[in-house]
Amino acid sequence: MFRFANPEYLYLLILIPILALLFAYSVYDKRRKLKKLGDLRLLSVLMPDVSLKRSILKFIILLLALTCLILMVARPQMGMKVETNEHKGIEMVVALDVSNSMLAQDVSPSRLDKAKMLVSNIADKMTNDKIALVVFAGDAFIQMPITSDFVSAKMFLDAISPGMVGVQGTNIGEAIRLSLSSFTSQKGIERAIVIITDGEDHEGEAEKAAAEAAKKGVHIFVLGIGDPKGSTIPVGKGQLMRDRSGNIVITRLNQEMCNEVATAGKGSYIHVDNSNIAQDRLYYELNKLEKHDLGSTSFSDYAEQFPIFAWAALILLIIDILLREKKHNIFKRFKIQHKDDEK
């Protein structure tokens, strides 16, 4: 099967007959003017170096070169070629805390928004890896199953909000267990769970779950987001969250708990602030994990034929440069010498 990848450039071929007509008119006009000077046969004797045939030949060569260039940019394609791409990477599950405390603005623009931006930036740097999203508060559920489609991952990420989980609280242990079930069954792959939370765990099962994950060879990275000194939680219209007694709720980053979970999971704890240090460090830690074969994809594509026309155009242009419009003196001398020999 033959086709052009950029057929719109074929409209440029209309230049070929236009240029040919202009050249033909130019030749006609030149001959008409020469006739006014005298007989064309006599003039050809008086101007032996001038060759109309060579001018026409050079113009035809240039037209052919231009045709080849137009066909080249139109990208002619013929037949099919099959390519196979191997994907080597890691599997990563991001467990994102969506409890109300993540609305605190001690990290700009808020803890949750900062976490989403961090994950989005990491996703931009990951190519052949796989990612899944788990959201948790007092309960946990899978927001997006594991995939290599990072465009979809970022779309799911944008939709995350505290209202997604009806049970409030922070159950990190359940988030880790659900994350473990999100990985594929493929063996021999490096896996990581990235937990982004303010560390206010209310269930007390986080360390145990992290240790279970470490036994299965999964690396636990905990990103603690927020200020240890504490912050209020805005709830809209200038109001702050209050407890049942009417007191303003203060949420604090629990770095100690975050460290303990990361240690139990044989991973690293990273503090997230308003800089990009946490993002860079997380990418560094993930990049240290060994990349393994995650499978391969095969696809068919048309075989490009434009190099043929590119080479043809180049050869024609070289011929045009080497071909002189005037007869070369060497041919003139050869003709005179030939006549002398005949005498």
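Here the structure is shown first, and the text comes after it.
Rules of the game
- Residues numbered from 1 in each chain as written.
- Predicted model: local features only at pLDDT ≥ 70, side-chain atom pairs only at ≥ 80, totals over all residues.
- Heavy atoms only, no water.
- Core = buried A, V, L, I, M, F, W, Y, C linked by side-chain atoms within 4.5 Å.
- Buried < 20%, exposed > 50% of the residue type's maximum accessible area, 1.4 Å probe, protein only.
- Helix = DSSP H or I, 4+ residues; strand = E, 2+ residues; numbered from the N terminus.
- Contact = heavy atoms within 4.5 Å.
- Polar contact = N/O pair within 3.5 Å; in protein donor to acceptor, adjacent residues only side chain to side chain.
- Pairing = 2+ DSSP bridges.

Time to look at the nonpolar core. Nonpolar side chains tend to gather and get buried jointly when the protein is soluble and globular. Judged by nonpolar contacts, the single largest core of 36 residues is most densely connected at Val 194, Ile 196, Leu 223, Leu 282 and Leu 286. Counting residues per element, the ones that place at least two in this core are strand 3 (91-97), helix 4 (111-125), strand 4 (130-136), helix 5 (150-158), strand 6 (191-197), strand 7 (218-225), strand 12 (268-272) and helix 9 (277-288). For this core, the element with the highest residue contribution is helix 4, accounting for 6 residues. Setting aside residues up to four positions removed in sequence, Leu 282 forms contacts with Leu 118, Ile 122, Val 194, Phe 221, Leu 223 and Ile 270. Among the nonpolar cores identified, the runner-up in size contains 28 residues, and Val 93, Ile 195, Ala 206 and Val 218 belong to it.

One can find Asp 198 in the loop between strand 6 and helix 7 (206-215). Taking the relative accessible area as the measure of exposure, Asp 198 reaches 0% and is therefore buried. Here Arg 111 takes part through its side chain, which lies 3.0 Å from a polar atom of the side chain of Asp 198. In this structure, Asp 198 is in contact with Asp 97, Ser 99, Ser 101, Met 102, Arg 111, Ile 225, Thr 251, Arg 252, Leu 253 and Asn 254, ignoring residues within four places of it in sequence.

Before going further, it helps to spend a moment on the pairing of strand 12. Working note: regular strand, side chains alternate between the two faces of the sheet. Burial within strand 12 is extensive, with 4 of its 5 residues counted as buried. Alignment of strand 7 against strand 12, held across 5 bridges, turns out to be parallel. Along strand 12, the bridge assignment pairs Gly 224 with His 271.

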